[in-house]
Amino acid sequence: MANKVLFITQEIIPYVSESEMAKTGRYLPQAIQEKGREIRTFMPKWGNVNERRNQLHEVIRLSGMNLIIDDTDHPLIIKVASIQAARMQVYFIDNDDYFQHRLMATDENGVEYKDNDERAIFYARGVLETVKKLRWCPDIIHCQGWISAFVPLYIKKAYKEEPSFRDSKVIFSLFGNNNNSELQESLINKLMLKGIEKSDIEDIVGTPSNWKDLCKLAIAYSDGIIVNNENVDQELIDYAQEKGIPVLTHYSQEIDADAYNNFYEEI
């Protein structure tokens, strides 16, 4: 049985305003925990997360590592808060350049951040390095949102020999809010880590690339896909099915813990 489930998500209420993804980020881990599984939950420390009101505090023993992206050092800061009603802790990945004083994908004027690709790389690697430090070995890694899209690649290529992730299965949820803005042409170089070949990425991600390519990259290295919204691009669902990747369709506003639980077992 897949007893340990790691949730790497983009949004969780009450830390950010309510959305379909934020509600799933909040209630799915609780539902899975109530099924008797052990969980860990991560999200970015977006600039609009109120640290004082939500009682975030830094975990010194986990912070202090530097991640190099595009030849630049970026300090990794880990914070934690509790959702008392769910008996659930949430770990936050923070960094002054990528998350402090900055919103999610776009700024206050709706303009997309130019370095969203780097932010997603930092988040993915930050979570995985923190889980290694926790010496925790998840059976299932469930990713939600564009910010988590590089996790499947890293798990299957760069971290595949790590004891924490050697036996992990990866699931990626699609929410139908993928925009088609272009990513920087330097994306492939920034993604490179030991264990990753350029062909692992170039065969999927075009130049220039967009967020649909990003979803395809996530799908290609996942063991299962969950379609959470009827507006998900059919091309992405077809892509998963062509690759023989199991797909769970779950449009309900209510969390069906049994459906997720069974899918975890199937994977």
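Notes on the structure follow. (Residues numbered from 1 in each chain as written. Predicted model: local features only at pLDDT ≥ 70, side-chain atom pairs only at ≥ 80, totals over all residues. Heavy atoms only, no water.)

### Concerning the side chain of Glu11
In step 1: Within the fold, Glu11 resides in the loop between β1 (4–8) and α1 (20–34).
In step 2: An unpaired buried charge is present at Glu11: no salt bridge exists, and Arg119, the closest side chain of opposite charge, is 11 Å distant.
In step 3: For Glu11, the side chain forms a polar contact with the side chain of Gln10, separated by 3.2 Å.
In step 4: Among the polar contacts listed, one links the side chain of Glu11 to the side chain of Ser19, at a separation of 2.6 Å.
In step 5: Those residues within four positions of Glu11 in sequence are excluded, and the remaining contacts are Val16, Ser19, Met21, Ala22, Gly25, Met43 and Met104. (Helix = DSSP H or I, 4+ residues; strand = E, 2+ residues; numbered from the N terminus. Buried < 20%, exposed > 50% of the residue type's maximum accessible area, 1.4 Å probe, protein only. Lys, Arg positive; Asp, Glu negative; His and termini not counted. Salt bridge = Lys/Arg side-chain N within 4 Å of Asp/Glu carboxyl O. Polar contact = N/O pair within 3.5 Å; in protein donor to acceptor, adjacent residues only side chain to side chain. Contact = heavy atoms within 4.5 Å.)

### Looking at the sheet that holds strand β9 (residues 169–174)
Strand pairing in a sheet takes place through backbone hydrogen bonds and is either antiparallel or parallel in direction.
In step 1: Strand order in the open sheet formed by nine strands is β3-β6-β7-β2-β1-β8-β9-β12-β13, with mixed pairing between adjacent strands. Of all the strands in the sheet, the pair left with one neighbour each is β3 (57–58) and β13 (247–249).
In step 2: Judged from the four bridges that link them, β1 and strand β8 (residues 140–144) form a sheet pairing that is parallel. When the sheet's bridge partners are listed, Leu6 is paired in β8 with Ile141. (Pairing = 2+ DSSP bridges.)

### Focus on the nonpolar core
In globular proteins that are soluble, nonpolar side chains generally tend to be buried together.
In step 1: Counting 91 residues, the largest nonpolar core has Tyr15, Met43 and Phe150 as the members making the most contacts within it.
In step 2: Looking at which element gives the most residues to this core, the answer is helix α2 (residues 116–134), with nine residues. (Core = buried A, V, L, I, M, F, W, Y, C linked by side-chain atoms within 4.5 Å.)

### Observations regarding the packing of aromatic side chains
In step 1: In the structure shown here, the tally under the stated rule is eight aromatic pairs.
In step 2: Following the ring pairs from residue to residue traces out a cluster consisting of Trp46, Tyr98, Phe99, Phe122 and Trp146.
In step 3: In this structure, Lys216 is placed above the aromatic ring of Tyr239, and the distance from its NZ or CZ to the ring centre is 5.4 Å. (Phe/Tyr/Trp six-rings, centres within 6.5 Å; stacked < 30°, edge-to-face > 60°. Lys NZ or Arg CZ within 6 Å of the ring centre and 35° of its normal.)

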